Amino acid sequence: MVRITEELVRKKSEHNEGIIGTLEELSLHQEDVEKIEHINNWCKDLQILYLQANLISKIENLHKLKKLQYLNLAVNNIETIENLERCESLQKLDLTLNFIGNLESVTSLKYNIYLTDLYLTGNPCCDFDGYRDYVIAQLPQLQNLDVKEITRSERIKAQQNFKEAEKSVRIHQDKYRLFRDEQLKRLATKNSSQLSDDEFWKSTSENSPETRIEIANRQRKSKNNDIKAAIQRKSVRLFHKDGQPLNVNQAKIDFTFTDEDPKQFVLDVAIYKFLDTNLIEVDLQPIYVKLTIKGKIFQIVFPDEVFTDKSTAQRSQTTGHLVLKLPRVNYKPKIHKFLKPKEEIEENVAKKKAQYLEVQEKDDMDFSRIVERNNKVKDLYDNPEVPPLEYG
């Protein structure tokens, strides 16, 4: 059974920033709700309430909605009109395609003096002879019944034919009550809940509140199974059986991975420009990175290990791209020889030249060869080609 919860009401009140105390309009249609509850206390300022296409079997817990003007309960399991007397501002009531067989219960709307529009199309009571005259005569405030305007002449005629219409309505009402009792017995005997889905959908079903509930339960079950199957199909395998990570691009997003720089890897992921950064999760590991983008996974494995604590992730404000810079663990910088400045090199060359000049041989200073020098002088005196010295 689906209940009306505070979470559900707040979710449906997003147009009012999730504030339910001042809510004036609330739509809870097609939620498989089976009982009206809590709205009475949470949303006292409601003017419009949509509850169509649910499984509600009883009108209840609405007596505090003093400002309610429009109530839509079409396509539910309601069999009796009741408990709306204190909805003093009610102007429009839609009960299309319910199971109202107790037409006399329409008299409970006499106290809703502002009620101008009533919709009962598709209910068993609409097949009763005298149905329209009976309703018009009982509710003089109505202006439209089943999307048809009530003319002045029709109103006078309904008043004139009221007794006959009332008698006919009661007869048909009793017949329908007997039919409904027999129907409940047949449905209890049939016990369609034991049928498989294929058998149920192929079988002939009676138009009844119980059948609607059974159909809704089976549809809900089938929907849940479809969701589970879809989740299984969409489940992404991120690792090998041996634990090695896999490359995954479930998000189907463009990216570039650059490894030309020996110092680091650069990963550029083309995130959608207007995507909120809060919808992006980054899980960086030494050998891979996993990005979760709006629930979809992008994972890439690195060819080499990276430093997680030195890595950076930045989002471009112009393109929206997410750029990750990932320093490599195994990077070793090359050692280059130290080159001395030009001035120092020239100074060293000059010093070497000076050292070479200091050790250059000089005869006049070489005392180890003094004897040899004297012999050379003697040879000069004995040489006949050398003229003798003359003294003046």
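As recorded by UniProt, the Sequence similarities (unreviewed entry) comment attached to the protein chain reads in full: "Belongs to the tilB family."

Colleague: Sorry if this is basic, but what is going on with the UniProt feature "domain: U2A'/phosphoprotein 32 family A C-terminal" (unreviewed entry) in the protein chain here?
Modeller: Following the UniProt record, one finds the feature "domain: U2A'/phosphoprotein 32 family A C-terminal" (unreviewed entry) at residues 128–146. Overall, residues 128–146 shows 42% helix and 11% strand. The separation of its end C-alpha atoms is 15 Å.

Colleague: Would you mind going over the packing of helix 3 (residues 131–138) against helix 5 (residues 162–190) with me for this structure?
Modeller: For any two helices packed against each other, one specifies the crossing angle of their axes together with the interaxial distance. Where helix 3 meets helix 5, the closest approach of the two axes is 8 Å, and the angle between their N-to-C directions is 120°. Between helix 3 and helix 5, the interaxial angle falls into the category oblique. In this structure, helix 3 crosses over helix 5, and the sense of that crossing is left-handed. When helix 3 is examined against helix 5, the residues Y131, D133, Y134, A137 and Q138 are found in contact with a partner set consisting of F162, A165, E166 and V169. Within the contact of helix 3 with helix 5, the residues separate by chemical class into 6 nonpolar, 1 polar and 2 charged.

Colleague: Explain the pattern of salt bridges to me, please; I cannot follow it from the model alone.
Modeller: Side-chain pairs of opposite charge can arise where the charged atoms are in close proximity. As enumerated under the stated definition, the model contains 14 salt bridges in all. For the salt bridge of R220 with D32, the shortest nitrogen-to-oxygen distance reads 3.4 Å. Of this pair, R220 sits in helix 7 (residues 209–234) while D32 is found in the loop between strand 1 (25–27) and helix 2 (39–42), placing the two residues 188 residues apart along the sequence. Look at D32 and you get partly exposed, because its relative accessible area is 22%. A salt bridge links E79 to R180; its shortest N-O distance comes to 3.0 Å. Placement of the pair is E79 in the loop between strand 3 (70–72) and strand 4 (92–94) and R180 in helix 5, with a sequence separation of 101 residues. By relative accessible area, E79 is classed as partly exposed at 27%.

Rules of the game
- Counting of residues starts from 1 at the beginning of each chain's written sequence and follows it residue by residue.
- In keeping with the model being predicted, local features are shown solely for residues with a pLDDT of at least 70 and side-chain atom pairs are shown and tallied solely at 80 or more, while totals for entire chains, interfaces and linings include all residues.
- No hydrogens and no water enter the side-chain calculation; it runs on all heavy atoms of the structure.
- UniProt positions are given in the numbering used here, feature names are shortened, and annotations may be inferred rather than shown by experiment.
- Helix and strand definitions follow DSSP, with helices as H or I runs of at least four residues and strands as E runs of at least two, each counted in order from the N terminus.
- A fitted line through C-alpha atoms serves as each axis, taken over the contacting stretch for helices, and the angle formed by two N-to-C directions is quoted from 0 to 180°.
- For classification purposes, an angle smaller than 35 degrees is called roughly parallel, one larger than 145 roughly antiparallel, one from 65 to 115 roughly perpendicular, and anything else oblique.
- By definition, turning the near helix anticlockwise from the far helix through less than a right angle yields a left-handed crossing, and turning it clockwise yields a right-handed one.
- Contacts are assigned to residue pairs that have any heavy atoms within 4.5 Å of one another.
- In this classification, Asp, Glu, Lys and Arg are treated as charged, Ala, Val, Leu, Ile, Met, Phe, Trp, Tyr, Cys and Pro as nonpolar, and every other residue, Gly included, as polar.
- Any Lys or Arg side-chain nitrogen found within 4 Å of a carboxyl oxygen on Asp or Glu counts as a salt bridge.
- The buried label goes to any residue with under 20% of its type's maximum accessible area, the exposed label to any with over 50%, and the partly exposed label to all in between, with areas taken from a 1.4 Å probe on protein chains only.

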